[in-house]
Structures are given as structure tokens and as C-alpha cells.
Amino acid sequence: MGVGIKVEHLNAWFGKTQALHDISMDVPANHATAVIGPSGCGKSTFVRCLNRMHETIPDARASGKVKMGDLDVYNGTAAVQIRRRIGMVFQKPNPFPTMSIYDNVAAGLKLNGFTDRRRTDEIVERSLKLSALWDEVKDTLRKKSGASLSGGQQQRLCIARALAVQPQLLLMDEPCSALDPISTGKIEELIFQLKEKFTIVIVTHNMQQASRVAEFTGFFLLGRLIEFDKTEKIFTTPSDKRTEDYITGRFG
Amino acid sequence: MRTRFQQGLDDLRTRLLRMGGLAEQAVDRACQAYIDRDLARCHMVLEGESLINSAEREIDELAFDLLAMQQPMAVDLRFILAVTKINSDLERVGDQAVNIAERVMDLVELPKADLPVDIARMAAAVSAMVRRSLESFIEGKAELAQAVLEMDNVVDRMRDEAFITLVKTMNERPDVTRQALDALLIARNLERVADHATNISEDVIFWVRGADVRHNVSPEPPLHQAITDTH
């Protein structure tokens with residue numbers, strides 16, 4: 001099952017440049033939460049702070065409190081332990097090109113020292129089924145490489161790879177921006193189904209997509225969280241003029 | 001701001017105002033026709049109906065195109081939805097004007113009867129409601145629209161009084177039953193025009209404030225309540 005995330009007074013820097021200012025947000029468990037805003041507003045930095053990937057960039061640092069369920073992300077928990085509970089899907093599908101479809105999905109398990117082959121088979125199948133790719137690849141699992149799939153299939157493969165380690169939270173950073181409308185539709189349908197089992201945070205530039213898949217939406221601007229509310233409220237009657245100006249295309 | 005989209009919104013606004021003008025004019029003409037027993041004005045109302053109907057279709061088409069092609073959000077989405085609903089109300093205002101004109105055409109055929117009902121006063125109140133509801137749309141002012149909502153009760157009372165008085169007249173003076181019945185129907189038509197003006201005002205409030213003021217519905221629960229409910 002997914003867990004809720006409580007973010008309190010989160011700040012992030014790249015060197016001396018502050019990228020996030022005092023972000024506080026409650027991400028509800030087993031729901032999809034969209035993060036929207038113009039380029040450079042801090043959306044990606046925000047999600048990368050949730051799994052402590054932000055600190056992997058030289059000179060980058062963060063302060064504040066992030067709680068994932070009972071786990072304190074920034075205080076006393078190893079980054080590896082955090083990331084084990086959080087799956088991440090990026091803008092561009094990034095399957096391991098030399099690995100088979102099967103090995104791509106099993107990669108995270110192997111990395112964590114998982115050796116039970118029968119159990120691995122089961123997890124690979126379940127993950128591919130969860131990512132709605134199983135029927136398309138079940139006959140070529142070990143024959144075809146991940147890179148031989150179409151862009152949409154590759155992205156679902158990456159989702160399957162993220163799901164294989166049984167995360168509680170799935171972070172998606174513009175997962176459909178490189179996909180055609182049909183593949184996008186499949187990913188969106190997937191998000192809709194996956195949130196029964198996982199908490200999902202999705203960064204998107206596509207506001208229609210945010211409105212289609214997410215129950216909650218946060219609008220970021222210049223590193224600040226301007227408004228966080230139910231998605232239908234954000235897209236029909238936002239409280240802040242800056243949110244309204246952005247989503248109606250008056251700036252950004 | 002997307003220029004093409006803004007032009008579409010401006011076009012929609014202009015067309016709706018034009019249609020509002022036609023509907024308002026139709027009601028005023030029908031009421032004046034009643035006061036003056038003027039058949040020519042009745043025919044003008046009947047002939048004007050097709051203009052209102054075609055304006056309704058054009059506005060719906062434009063709104064539909066903007067929804068499909070521009071995927072509007074927030075205030076723009078509320079504006080287009082409000083326009084489509086106001087459009088429908090204005091078309092019905094036009095229908096009520098036609099109904100009034102047809103009653104007047106019937107009355108003109110009958111001997112003039114001095115009825116104890118002030119249709120002209122009611123017509124003035126209803127016209128004011130239509131005019132102010134359209135002003136609230138032009139200016140985008142929810143306060144103006146709110147004032148129209150408060151006028152609706154006054155018109156309802158006028159309709160009730162007219163009903164009681166005219167039924168009594170029909171009982172006491174059978175020779176003017178048909179004239180009284182026509183006047184009663186006109187009072188009912190006017191009251192419906194007032195209802196449409198009320199709807200238009202509610203749509204303006206929805207557009208401007210994002211608030212649904214119809215039927216005293218309670219507001220949405222706050223966000224913290226929504227998040228708590230998910231746990």
C-alpha cells in the first residue's frame with residue numbers, strides 16, 4: 001500500500017541559488033498528486049527532494065522535514081533505504097539497452113541482492129501486468145532487449161522496473177512528455193489503476209493531464225508552492241490569481 | 001495570453017450581448033404591444049424570433065469550438081459555461097416574448113376589458129431584471145447580479161397577486177373570462193422571463209466568483225477535510 005507524505009518547510013539550493021522556498025504540503029496516500037508550474041519553478045527539484053536525489057547533484061542541498069509514512073526522509077534514514085521505497089520514472093524512457101525485458105524489470109531486485117529465481121519470475125510477471133505491458137511482451141521476455149520496444153512500451157517497462165521493488169511511492173517526472181497520445185493514454189490509465197496500490201506524485205507540464213489523472217494538484221512558481229488543493233478546485237476556481245493566470249495561459 | 005483564444009472569448013461575449021439585446025428588445029416590444037394593443041409590434045416580436053434562434057446556434061457552436069480547441073481552464077472555462085447557459089436562457093426569454101405577443105394578438109381581437117391587474121408595472125420590473133442581469137454580465141460584476149436575484153421575489157408576488165385577482169375576475173365577470181385568461185398567461189410568461197433573468201444572474205456569479213448560488217447548495221468542504229477523508 002502507498003503511504004502519505006508530509007513535507008514541512010522544505011528548502012533546496014543549487015550552490016547559492018535557492019530553488020525551493022519553505023514548501024509545506026501533505027501528499028495523501030493512494031492518490032495521484034500532480035505538481036504543475038512553468039519551467040524552472042522547482043517542480044522537479046521538489047520531487048527529487050522526496051527521494052533525496054537532489055543531494056546527488058554537486059553543491060545541491062536541502063533542509064526541512066519530509067516524512068514518508070513513519071520514515072523521516074532527512075533525519076536518520078539512509079538515502080538508499082529511502083530510495084528503495086520510492087520508484088521513479090523520468091521524462092525520457094531509460095531502459096537498460098543491453099538487458100532483456102526480463103532483466104530490465106529484475107534489475108532493481110538483483111541490485112538489492114534478491115536471488116530467488118522463482119520468486120523473481122513471479123515479481124517480473126506481476127510488475128509487467130501492473131504496468132499493462134505483460135500481454136505485449138510475455139513471449140519475448142528474454143529474447144528482446146528493452147531498447148527494442150516502442151517509446152510508450154519502454155516507458156511502461158520503466159514503470160514495471162520501478163514497481164518490481166514494491167515501492168510505496170511512485171514519482172513520475174513528466175512521464176508522457178516524449179510519448180504520443182495513445183501511449184500517453186495508456187500511461188494515464190495505468191496511473192489511475194496504480195494509485196490503488198501506490199501513492200503517486202506526477203510532475204507534468206500538461207495541465208489537461210494533471211486534471212485527468214490527479215486528485216490533488218500543487219502549483220509551483222519561482223520555487224514557491226503557490227496553491228495546493230483538490231484538482232477540480234485548482235482547474236475551475238483557483239484561489240490565487242497567479243494560479244489562475246498560469247492555468248489560463250496568461251503567463252508562463 | 002493566447003491571442004486566438006482571447007479573440008474567441010471576445011467574439012463570444014460580443015455575440016451574447018447582441019443576443020441579449022435582441023431578447024430584451026423582444027420582451028419590451030411584447031409588453032408595449034400589450035399596453036398599446038399594437039398588432040404591428042406583435043408581428044415584430046414573432047419575426048425577430050428567428051434571429052434569436054440563429055444567434056443561439058452560432059453562440060453554441062463558437063462555445064463548443066472553444067471548449068474543444070482551446071481546452072479552457074478556471075475563469076475562462078467558467079465564462080464559456082456561463083455563456084452557454086445564459087445563451088439558452090436568452091433564447092427562452094425570446095420564446096416567452098413570442099408567447100406574450102400571441103396572447104396580445106388574441107386580446108386585440110376581443111373587446112377591450114378593464115382588468116384589475118397592472119401588467120405594465122410587472123413588465124417594467126421584469127424588463128429591469130433582464131437589463132440588469134445583462135449589465136452584470138457586461139461589467140462582470142457579481143454584486144449587480146446579486147441584486148437581480150433579490151428582485152425575483154417581488155415579481156413572484158406580482159404574479160401571485162395577478163393570479164388571485166384575475167381568477168376572481170373570471171368568476172365575477174364571465175364576459176371578460178378570455179381577456180382575464182390572456183392577462184393571466186401574460187403574467188405567467190413575465191414571471192418566467194424573470195426566472196430566466198435570475199438564472200442569468202446566477203451564471204454571472206458563477207463566472208465571476210466561481211460560486212454556485214443555485215438552490216442554496218452548501219459550499220465544498222475545505223482541503224484539509226478532503227485530505228483527512230482520504231485516510
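Quick caveat: nothing in here was measured; it's all calculated off a predicted structure.

Student: Would you take a moment to explain the overall build of chain A for this structure?
Tutor: The helix and strand inventory of chain A stands at 10 helices and 10 strands. For 252 residues, the compact-globule estimate of 2.2 N^0.38 gives 18 Å, and the C-alpha radius of gyration of chain A, at 18 Å, lies within 12% of that figure. Across its three principal axes, chain A shows a C-alpha extent of roughly 55 × 40 × 30 Å. Per-residue burial over chain A gives 48% buried out of 252 residues. Within chain A, contacts between residues separated by at least 24 positions form 70% of all contacts whose residues are at least 6 apart in sequence.

Student: Sorry if this is basic, but what is going on with the overall build of chain B here?
Tutor: If you tally the helices and strands in chain B, you get seven helices and zero strands. Over its C-alpha atoms, taken along the principal directions, chain B stretches across nearly 70 × 40 × 25 Å. Here chain B holds 231 residues, and 42% of them are scored as buried. Long-range pairs, those at least 24 residues apart, make up 81% of the contacts in chain B between residues at least 6 apart in sequence.

Student: Got a minute to help me understand the interface of chain B and chain A in this structure?
Tutor: Note on interface size: it is often stated as the accessible area lost on association of the parts. If you look at the interface, chain B gives 15 residues, while chain A gives 17 residues. Going through the elements one at a time, α3 (74–109) and α7 (223–230) of chain B are the ones with two or more residues in the side of chain B that touches chain A. Among the elements that take part in the side of chain B that touches chain A, α3(B) stands out by supplying five residues, more than any other. For the side of chain B that touches chain A, the class distribution of residues is eight nonpolar, four polar and three charged.

Student: I'm lost on the domain arrangement of chain A in this one. Help?
Tutor: Residues and elements named next belong to chain A. Its domain assignment divides chain A into domain 1 (1–85 + 167–252) and domain 2 (99–166). Computed over C-alpha atoms only, the centres of domain 1 and domain 2 are separated by 25 Å. With 12 residues of domain 1 at the contact, the number on the domain 2 side is 12 residues. For the side of domain 1 that touches domain 2, the element with the most residues is helix α7 (residues 181–194), which contributes five residues. Residue composition of the side of domain 1 that touches domain 2, grouped by class: eight nonpolar, one polar and three charged.

Student: Which parts of the structure should I look at to understand the sheet that holds strand β1 (residues 5–14) of chain A?
Tutor: Within a sheet, each strand pairs with its neighbour through backbone hydrogen bonds, oriented either parallel or antiparallel. All names here are of chain A. Read across the open sheet, the four strands follow the order β2-β1-β4-β5; overall the sheet is antiparallel. If you trace the sheet from one side to the other, it starts and ends with β2 (17–27) and β5 (71–72), each paired once. As defined by bridge partners, β1 adjoins strand β4 (residues 60–68) across eight bridges and the pair is classed as antiparallel. Paired with N11 across the strands is S63, a residue of β4. The strands touched by helix α1 (residues 43–50) are β1, β2 and β4; relative to β2, the strand with the most contacts, the crossing angle is about 65°.

Student: Mind showing me how you'd approach the environment of P238(A) here?
Tutor: You can see P238(A) is positioned in the loop between α9 (231–236) and α10 (241–247). Expressed as a C-alpha distance, the spacing of P238(A) and T33(A), which sit 205 residues apart in the sequence, is 16 Å. When neighbours within four sequence positions are excluded, P238(A) is seen to be in contact with E227(A), T243(A), E244(A), I247(A) and A74(B).

Student: Sorry, what's going on with the packing of α3(B) against helix α6 (residues 177–209) of chain B here?
Tutor: Helices that pack against each other are described as a pair by the angle of their axes relative to one another and the distance between those axes. Residues and elements named next belong to chain B. Where α3 contacts α6, the axes come no closer than 9 Å and their chain directions differ by 170°. Here α6 runs roughly antiparallel to α3, going by the angle between their axes. Partitioning the contact of α3 with α6 into residue classes produces 13 nonpolar, six polar and nine charged.

Student: Is there a simple way to think about the environment of Y34(B) in this case?
Tutor: All names here are of chain B. Secondary-structure assignment places Y34 in helix α1 (residues 3–36). With 70 residues separating them in the primary sequence, Y34 and V104 have C-alpha atoms 5.5 Å apart. The contacts of Y34, once residues within four sequence positions are left out, are I100, V104, I119 and I186.

Student: What should I look at first to understand the pairing of strand β3 (residues 32–36) of chain A in this one?
Tutor: Consecutive residues of a regular strand have side chains that alternate between opposite faces of the sheet. Residue and element names in this part refer to chain A. Counting buried residues in β3 gives five out of five residues, a clear majority hidden from the surface. Residues of β3 alternate between two faces, with A32, A34 and I36 on one and T33 and V35 on the opposite face, all of them buried. Where β3 meets strand β8 (residues 199–203), four bridges bridge the pair, whose relative direction is parallel. Bridged to A34 within β8 is I202. The pairing of β3 with strand β9 (residues 216–221) spans four bridges and is classified as parallel. Following the sheet pairing, T33 is matched in β9 by F216.

Student: Got a minute to help me understand the sheet that holds β9(A) in this structure?
Tutor: Residue and element names in this part refer to chain A. As summarised here, the arrangement of the six strands in space is β6-β7-β8-β3-β9-β10, forming an open sheet in which the pairing is mixed. Because the sheet does not close on itself, it has two edges, and the strands there are β6 (86–89) and β10 (224–230). If you compare each strand with its neighbour and ignore which way they point, the axes differ by 15° on average. Against the sheet, α1 makes contact with β3, β6, β7 (169–173), β8 and β9, and its axis sits at roughly 150° relative to β8, the strand it touches most.

Student: Is there a simple way to explain unusual backbone geometry in this structure?
Tutor: Across the chain, the bulk of peptide bonds are trans and the bulk of non-glycine residues have phi less than zero. All names here are of chain A. Of note in this structure, D22 is not a glycine but carries a positive phi near 50°. The topology assignment puts D22 in strand β2. Notably, N30 is not glycine yet its phi reads approximately 55°, a positive angle. Its location among the elements puts N30 in the loop between β2 and β3. Given 19 C-beta atoms within 10 Å, N30 falls into the partly exposed group.

About the criteria used
Residues numbered from 1 in each chain as written. Chains lettered and ligands numbered in written order. Predicted model: local features only at pLDDT ≥ 70, side-chain atom pairs only at ≥ 80, totals over all residues. Helix = DSSP H or I, 4+ residues; strand = E, 2+ residues; numbered from the N terminus. Rg over C-alpha atoms; globule rule 2.2 N^0.38 Å. Buried ≥ 20, exposed ≤ 12 C-beta atoms within 10 Å, placed from the backbone. Contact = placed C-beta atoms within 7 Å. Nonpolar A, V, L, I, M, F, W, Y, C, P; charged D, E, K, R; others polar. Domains from an automatic or database assignment. Pairing = 2+ DSSP bridges. Axes fitted to C-alpha atoms, helices over the stretch in contact; angles between N-to-C directions. Parallel < 35°, antiparallel > 145°, perpendicular 65-115°, else oblique.

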